[in-house]
Amino acid sequence: MTLRKKLFIIFTLIWMAFIFSFSSRSGDVSSQDSNHVGMIIGEVFVPGFEQWNNTKQNDFANAIDHPIRKTAHAMEYAVLGFLTAGIFADQKNLRKLRIFIPWLIAAGYAATDEFHQLFVPGRSGQVSDVILDSAGAAIGVLIMTGIEWLRVRKMAQKEGQNG
């Protein structure tokens, strides 16, 4: 097993633990996290946000809460898909499976994560989140696949120039 593959396995497991830890947070804590992100978005992207009163700022943060949560879902699973695809990237004999297996692992993890949330106070497991997470994972897998394709192509060009 190559060092690269070992590193991708380690980073994948760490990322899975990261996802699990966020999913273990109660609904109230998760809402506070989303609200905090909404406030940061307001401060960074909304001119004059700092001059708004607290009620208006909180209303803004609440209004973008749903998109923040869904974007976080897709992004965390895009990273998981990317990392998982990295494990299989150098499997020359598994061409088509290099995309499907990592996606299946990430999508399966999304399903188990949503099931886990059924047991966390104030949280719920949502089939729609599994679908969103799986789509994010597919994007991550495709990004890694594209990067790997470019890397292999570049190596082949170098060999052609040197050979």
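An account of the accompanying structure is given in this report.

1. So, the environment of Asn-35
Point 1. Along the chain, the position of Asn-35 falls in helix α2 (residues 27–45).
Point 2. Linking Asn-35 and Lys-6, residues 29 residues apart in sequence, is a C-alpha distance of 37 Å.
Point 3. In this structure Asn-35 touches Asn-58, Ala-61, Asn-62 and Asp-65, once residues within four positions along its chain are discounted.

2. Notes on the side chain of Asp-133
Point 1. By the secondary structure assignment, Asp-133 is in helix α6 (residues 127–162).
Point 2. Buried and unpaired, Asp-133 has Lys-70 as its nearest opposite-charge partner, separated by 7.6 Å.
Point 3. Setting aside residues no more than four positions away along its own chain, Asp-133 makes contact with His-73, Ala-74, Tyr-77, Ala-110 and Glu-114.

3. Quick look at the pattern of salt bridges
Working definition: two side chains of opposite charge can pair if their charged atoms are close together.
Point 1. Following the criterion strictly, the structure yields 5 salt bridges and no others.
Point 2. Arg-25 serves as the salt-bridge partner of Asp-33, at 2.9 Å between the closest nitrogen and oxygen.
Point 3. Assessed through its relative accessible area of 25%, Asp-33 is described here as partly exposed.
Point 4. The residue Glu-148 makes a salt bridge to Arg-151 at a minimum N-O spacing of 2.6 Å. Taken together, the residues span about one helical turn, with Glu-148 and Arg-151 both in helix α6 at a distance of 3 residues.

4. Let's talk about helix α5 (residues 97–117)
Point 1. Helix length check: α5, at 21 residues, gives a terminal C-alpha distance of 30 Å against a target of 30 Å (1.5 Å per residue), a fit within 8%.
Point 2. In this structure, the buried side of α5 is in contact with α1 (3–23), α4 (65–88) and α6.

5. Concerning the nonpolar core
Point 1. Judged by nonpolar contacts, Met-16, Ile-19, Tyr-77, Leu-80, Ala-106, Tyr-109, Ala-110, Val-130 and Ala-137 together constitute the single largest core of 9 residues.
Point 2. If you list the elements that add at least two residues to this core, you get α1, α4, α5 and α6.
Point 3. At 3 residues, the largest contribution of residues to this core is made by α5.
Point 4. Residues within four places of Val-130 in sequence aside, it is in contact with Ala-107, Ala-110, Ala-111 and Glu-114.

6. Observations concerning the packing of aromatic side chains
Point 1. Enumeration over the complete set of coordinates arrives at 7 aromatic pairs.
Point 2. Relative to Trp-103, the ring of Phe-100 lies with its centre 6.2 Å away and its plane at 35 degrees, an arrangement referred to as tilted. A residue pair is termed a helical-turn pair when its members lie 3 or 4 positions apart in one helix, as Phe-100 and Trp-103 do in helix α5 at 3 residues.
Point 3. Each residue in the set Trp-15, Phe-18 and Phe-22 is aromatic and connected to the rest through ring pairs, giving one cluster.
Point 4. The ring of Phe-22 carries Arg-25 above its face, with NZ or CZ at 5.3 Å from the centroid.
Point 5. Lys-56 extends its terminal NZ or CZ atom over the ring of Trp-52, reaching a point 4.5 Å from the ring centre.

7. A few points about helix α3 (residues 54–63)
Point 1. Taken together, the buried positions of α3 are Gln-57, Phe-60 and Ala-61. Looking straight down α3, one finds that the buried residues subtend no more than 95 degrees of arc, so they occupy a single side. Of the residues in α3, the exposed ones pointing more than 90 degrees away from the buried face are Thr-55 and Ala-63.
Point 2. Where α3 is buried, its residues touch α2 and α4.
Point 3. Looking at where α3 begins, the residue whose side-chain oxygen comes 3.1 Å from the main-chain nitrogen of Thr-55 is Asn-53.

Definitions and cut-offs
- Residues numbered from 1 in each chain as written.
- Predicted model: local features only at pLDDT ≥ 70, side-chain atom pairs only at ≥ 80, totals over all residues.
- Heavy atoms only, no water.
- Helix = DSSP H or I, 4+ residues; strand = E, 2+ residues; numbered from the N terminus.
- Contact = heavy atoms within 4.5 Å.
- Buried < 20%, exposed > 50% of the residue type's maximum accessible area, 1.4 Å probe, protein only.
- Lys, Arg positive; Asp, Glu negative; His and termini not counted.
- Salt bridge = Lys/Arg side-chain N within 4 Å of Asp/Glu carboxyl O.
- Expected span 1.5 Å × (residues − 1).
- Core = buried A, V, L, I, M, F, W, Y, C linked by side-chain atoms within 4.5 Å.
- Phe/Tyr/Trp six-rings, centres within 6.5 Å; stacked < 30°, edge-to-face > 60°.
- Lys NZ or Arg CZ within 6 Å of the ring centre and 35° of its normal.
- Arc of directions from axis to C-beta.
- Polar contact = N/O pair within 3.5 Å; in protein donor to acceptor, adjacent residues only side chain to side chain.

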